[in-house]
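So you can see what is in the structure, the chains are spelled out below.
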Amino acid sequence: MIPTLDIRRLIAEKKYDFDLDFEFEPEEGLVEIPYVELVPPVKAELHGKIAEDNTVLIRGKVIYCLKGLCSRCLKETSSTVEGEAEGTFVPASRRKEDESYSYVGTIDLREFLRDAVMFSIPNGLYCSETCNTPDYK
Ligand SMILES: [Zn+2]
């Protein structure tokens, strides 16, 4: 389950630093490598920080397993991926840059997590380091 962050309440309780540790079912269709799929769930280990101006910085990692056929030799294989997750959530009334997320009172992490998983997916799945290196015949 993806938690919803009640920023108003966290501020009221003076919890300006918080840790989040949870698992969630990712959206389908994020992996575009042929014959490879993501084995749910995705694990998220995040740390949040609320700044004085109510900007919320969330950073940490997403961890998941990819399983399928090696992109080079088609042998069955699997690999654990650890991706960086980082995002700045600006109160909607002050949003300027396109790259930051905005929020009103509460933060829904769905889009952020979807981006973190999507950007961390490798170009291919390989059964070993050496299989990733093309050999010239
Ligand atoms: Zn291979």
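Residues numbered from 1 in each chain as written. Predicted model: local features only at pLDDT ≥ 70, side-chain atom pairs only at ≥ 80, totals over all residues.

**Describing helix α2 (residues 110-120)**
An α-helical turn contains 3.6 residues, so a residue and the one three or four places further along point in the same direction.
Alright, step 1. Every buried residue of α2 is accounted for by F112, L113, A116 and V117. Seen from one end, α2 has its buried residues packed into an arc of 130°, which puts them on one side. Set apart from the buried face of α2 by more than 90 degrees, the exposed residues are R110, E111 and F119.
Alright, step 2. Looking at the buried side of α2, the elements it contacts are β2 (17-24), β3 (36-50), β4 (56-69), β5 (76-91) and β6 (101-103). (Buried ≥ 20, exposed ≤ 12 C-beta atoms within 10 Å, placed from the backbone. Helix = DSSP H or I, 4+ residues; strand = E, 2+ residues; numbered from the N terminus. Arc of directions from axis to C-beta. Contact = placed C-beta atoms within 7 Å.)

**Observations regarding the pairing of β5**
Alright, step 1. Inspection of the sheet shows β4 paired to β5 by 14 bridges, in the antiparallel sense. Bridge pairing links G68 to T77 in β5.
Alright, step 2. Hairpin geometry of β4 and β5 is characterised by an intervening segment of 6 residues between the two adjacent antiparallel strands and by a positive phi of about 65° at L74.
Alright, step 3. Across 3 bridges, the pairing between β5 and β6 is parallel. Directly across from F89, in β6, lies its bridge partner Y101. (Pairing = 2+ DSSP bridges.)

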